[in-house]
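Observations on chain architecture
Spelled out, the chains give:
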Amino acid sequence: MFESLFNLVKQKNLLAQANEQIIEMLKEDLSLFRASVELLWTESGVSFEEIKQRDRQINRFVREVRKKVLTYLAFSGLREMDSAIIILYLVVYIERIGDHTKDISRLATDYPNRFKCGKLEKDVKDFERQLFDRLERLIDIFETGDNIREKASGLTRTHPDVDKVYLKMINRLLTPDNTEGLACAEGVKLALYLRYLRRIEGHIFNIASSEVNPFHRIGFSKKKKSAIPAPLWW
């Protein structure tokens, strides 16, 4: 689906403009994500209020994209309707990433003091870096248009492995004999943070799946082909 969007860029129509705004939104998501993580760990850098204001810009982009898509459909009818509908889905997922970065910054602001992960600290930071990388790869898909399907497929294919990393950390926090070296409040704060990270990863997967899957399966794992049952007379 992304390939058709890149073809539209050459035409400079309203859908092409919407696609350009999607790239801007994704870049802002990445910037806000990095800033919120820095605020959580160091209590410095960009403040929650600044992150909230920048997130509002993403919300404005969502409204602008919707207007462009609606106007395009009103004048062009069903032509490129599939691309138009996909764009409407994409901006929602991108906006959700911004919301979760805001959640992270709120977690840092509402519950200050040094963020602690105990024995999980290395795993948590590795998880963060993995999500930064995946978001960067998603931006690259939209920006360059090179090997689109292959790159998107790589993100969707590795999503279950990323999810397992999250579940492993959560399971360690929830074991009755928790030995991660965290007080109750610290463990709750970490669990919330991991949940926000997981939702960001979920929306990265949703966006990438729009290239790999047909429209009705966007946001779902690629359906495995079931074996064709042999006729009864075999």
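So, a few notes on the structure that sits alongside this text. This structure is a prediction, so every number in the text was calculated from the model and none was measured.

1. Here we look at the packing of helix α6 (residues 148-174) against helix α7 (residues 184-212)
One way to put it is that α6 packs onto α7 with a least axis distance of 9 Å and a crossing angle of 160°. As far as their axial angle goes, α7 and α6 are roughly antiparallel. Judged by the sense of rotation from one axis to the other, the crossing of α6 with α7 is left-handed.

2. Things to note about unusual backbone geometry
Phi at Glu43 is positive, roughly 60°, even though this residue is not glycine. In this structure, Glu43 sits in the loop between α2 (14-42) and α3 (48-76). Positive phi outside glycine occurs at Asn113, with the angle close to 90°. Along the polypeptide, Asn113 turns up in the loop between α4 (81-110) and α5 (121-144).

3. A closer look at the packing of aromatic side chains
The final tally for this structure, using the stated rule, is 4 aromatic pairs. Seen from their ring centres, Tyr89 and Tyr93 are 6.4 Å apart, and the 50° between their planes marks the pair as tilted. A residue pair is termed a helical-turn pair when its members lie 3 or 4 positions apart in one helix, as Tyr89 and Tyr93 do in helix α4 at 4 residues. Note on Tyr89: relative accessible area 39%, which makes it partly exposed. With centroids separated by 5.4 Å and ring planes inclined at 85°, the aromatic side chains of Phe115 and Tyr193 adopt a geometry described as edge-to-face. Of this pair, Phe115 sits in the loop between α4 and α5 while Tyr193 is found in helix α7, placing the two residues 78 residues apart along the sequence.

4. Here's the deal with the packing of α5 against α7
For the pair α5 and α7, interaxial distance at closest approach is 10 Å and the crossing angle is 25°. In terms of their interaxial angle, α5 and α7 are classed as roughly parallel. Between α5 and α7 lies a crossing of left-handed hand. Across the interface between the two elements, Val124, Phe127, Glu128, Leu131, Arg134, Leu135, Leu138 and Phe142 from α5 touch Leu190, Tyr193, Leu194, Leu197, Glu201, Ile204, Ile207 and Ala208 from α7. Across the contact of α5 with α7, the residue classes break down as 13 nonpolar, no polar and 3 charged.

5. Focus on the environment of Arg60
If you trace the backbone, Arg60 turns up in helix α3. Sequence-wise, Arg60 and Glu95 are 35 residues apart; in three dimensions their C-alpha atoms are separated by 9.8 Å. A polar contact of 2.9 Å, which involves the side chain of Arg60, links it to the side chain of Gln57.

6. Digging into α6
For α6, with 27 residues, the first-to-last C-alpha span of 39 Å sits near the 39 Å given by 1.5 Å per residue. In the structure, α6 departs most strongly from a straight axis at His159, where the bend amounts to approximately 40° and where the proline Pro160 lies between one and four residues downstream.

The rules behind each value
Residues numbered from 1 in each chain as written. Predicted model: local features only at pLDDT ≥ 70, side-chain atom pairs only at ≥ 80, totals over all residues. Heavy atoms only, no water. Axes fitted to C-alpha atoms, helices over the stretch in contact; angles between N-to-C directions. Helix = DSSP H or I, 4+ residues; strand = E, 2+ residues; numbered from the N terminus. Parallel < 35°, antiparallel > 145°, perpendicular 65-115°, else oblique. Left-handed = near helix turned anticlockwise from the far one by under 90°. Phe/Tyr/Trp six-rings, centres within 6.5 Å; stacked < 30°, edge-to-face > 60°. Buried < 20%, exposed > 50% of the residue type's maximum accessible area, 1.4 Å probe, protein only. Contact = heavy atoms within 4.5 Å. Nonpolar A, V, L, I, M, F, W, Y, C, P; charged D, E, K, R; others polar. Polar contact = N/O pair within 3.5 Å; in protein donor to acceptor, adjacent residues only side chain to side chain. Expected span 1.5 Å × (residues − 1). Bend = angle between axes of the 7 residues up to and from the residue.

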